[in-house]
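Fold and geometry: a report
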Amino acid sequence: MLKQRIITAAWLAPLVLVGLFGLDGGAFALFTALMVLLATWEWSNLAGVSVTAQRAQLVAVMAALMLIMWLTGAATSIWPLWLSAVGWLVNLYWVTRYPAAGGQWQATGRRLAMGLWVLLPCWVGFNVLRDVGMAWLLFVLLLVWCADIGAYFVGRNWGKRKLAPQVSPGKSWEGVFGGLAATTILAMLFALWLPLGLAGAIALILITAVVTLASVLGDLLESMLKRHRNIKDSSQLLPGHGGVLDRIDSLTAAIPLFALFYVEVLVEVFARVPPL
């Protein structure tokens, strides 16, 4: 398994880095759309659709929606990001109320609808962040990785209080705090590097904390869906790593939410306050 993970990572990591930071415009949108369409294939299974032809049809519908959004300009609009924010509040309720509130989302149609407000705004968020600058896309990716690393090491060594035992027994509140500490340091370093000024730094640190918690929620949501379906991985598309959703579950929440905060809050703060 370790050998397979290394082999997959050896070709996957360069491909993703080139796609995310070497492309722009329509090419970038197409690359990220392909990622989201692969995730849609896996989401259809999480939603309870097991017939291959039906899953392919759902992927085709998602592709058609993305094409329409691109042609109409919605692929870089703000309203899908607001849709995501509302949707993730609903997801938060369902995750924290699992399994008591399971009847509200377990129907296949409702899980498919959930996928729309999880996956489509994630694609829009990628496009928005790529348009505003590679630095901010890089920041969100680093944020998610730092949150995972901080949560893993702190949770493994000091984790005692379970975060969501019914959804993901391995996660702890100590791990969440470890992730928050790691991403706070990341935000401080970015604020000094750019530089953003005092008000910009404070705004970035606060927003980073919220997005870090959202990234945890993204992980928990997929865990809840997999637990309901009684599966370990979203698919085997990435040998040794599971599926695409297993790799981007945290990003599905972090990317659109940070993009929304950037457009609605950070741009105004950066414009009004001179850098240090």
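Please refer to the structure placed before this passage.
Described in the following lines is the structure provided in the data block. (Residues numbered from 1 in each chain as written. Predicted model: local features only at pLDDT ≥ 70, side-chain atom pairs only at ≥ 80, totals over all residues. Heavy atoms only, no water.)

Focus: the layout of surface pockets
Keep this limit in mind: Note on definitions: the grid is 1 Å and covers protein atoms alone; a cavity is a set of points where a 1.4 Å probe fits but cannot get out; a pocket is an open set with protein on both sides within 12 Å along at least five of seven lines; lining residues have an atom within 4 Å of a point. Grid points are joined across faces, edges and corners, and a volume is the space filled by probe spheres set on the points. Every helix listed is a DSSP run of H or I at least four residues long, and every strand listed is a run of E at least two residues long, numbered separately from the N terminus. Ten residues, namely Ala, Val, Leu, Ile, Met, Phe, Trp, Tyr, Cys and Pro, are considered nonpolar, four, namely Asp, Glu, Lys and Arg, are considered charged, and the remaining ones, Gly among them, are considered polar.
In this model, the second largest pocket occupies a volume close to 510 Å³. Lining the second largest pocket are 24 residues, with Leu92, Thr96, Leu213, Ala214 and Leu217 positioned closest to its centre. For the lining of the second largest pocket, the elements supplying multiple residues, two or more each, are helix 4 (79-96), strand 1 (162-164), helix 7 (173-193), helix 8 (197-229) and helix 9 (244-272). Per-element tally for the lining of the second largest pocket: the top contributor is helix 4, with 7 residues. A breakdown of the residues in the lining of the second largest pocket according to their chemical character gives 21 nonpolar, 3 polar and no charged.

Structural notes on helix 5 (residues 108-132)
Under the convention used in this document: An expected span of 1.5 Å times one less than the residue number is assigned to each helix.
Over its 25 residues, helix 5 runs 37 Å from end to end, which matches the ideal 36 Å to within 8%, given 1.5 Å per residue. Just downstream of helix 5, Gly133 is the residue with a positive phi angle, here 140°.

Some points on the packing of helix 4 against helix 8
In helix packing, the relevant descriptors are the interaxial angle and the interaxial distance, both defined with respect to the helix axes. As a reminder of what qualifies: Note on definitions: angles span 0 to 180 degrees between N-to-C directions of axes, and those axes are lines fitted to C-alpha atoms, for helices only across the stretch in contact. Oblique is the label for every angle not falling under 35 degrees (roughly parallel), over 145 degrees (roughly antiparallel), or within 65 to 115 degrees (roughly perpendicular). Handedness of each helix crossing follows the sense of rotation of the near helix against the far helix: counterclockwise by less than a right angle gives left-handed, clockwise gives right-handed. Two residues qualify as a contact provided that any one of their heavy atoms is within 4.5 Å of a heavy atom in the partner residue.
Two elements in contact, helix 4 and helix 8, have axes separated by 10 Å at closest approach and are oriented at 55°. In terms of their interaxial angle, helix 4 and helix 8 are classed as oblique. Where helix 4 crosses over helix 8, the handedness of that crossing is left-handed. Residues Trp88, Asn91, Leu92, Trp94 and Val95 of helix 4 touch helix 8, and the partners they reach there are Leu217, Gly218, Leu220, Leu221 and Met224. Of the residues in the contact of helix 4 with helix 8, the class split is 8 nonpolar, 2 polar and no charged.

Thoughts on the packing of aromatic side chains
For clarity, the threshold we go by: Here the aromatic set is Phe, Tyr and Trp, taking the six-membered ring for Trp, and pairing holds for ring centres within 6.5 Å; pairs whose planes are under 30 degrees apart are stacked, those over 60 apart are edge-to-face, and all others are tilted. Charge-over-ring placement is defined geometrically: NZ (Lys) or CZ (Arg) within 6 Å of the ring centre, and within 35 degrees of the ring normal.
Across all of its chains, the model carries 11 aromatic pairs by this definition. Chaining the aromatic ring pairs together yields one cluster made of Trp136, Phe139, Phe190, Trp193, Phe258 and Tyr262. Lying across the ring of Trp41, Arg55 places its NZ or CZ 4.1 Å from the centre. The ring of Phe28 is capped by Arg130, whose NZ or CZ atom sits 5.8 Å from the centre of that ring.

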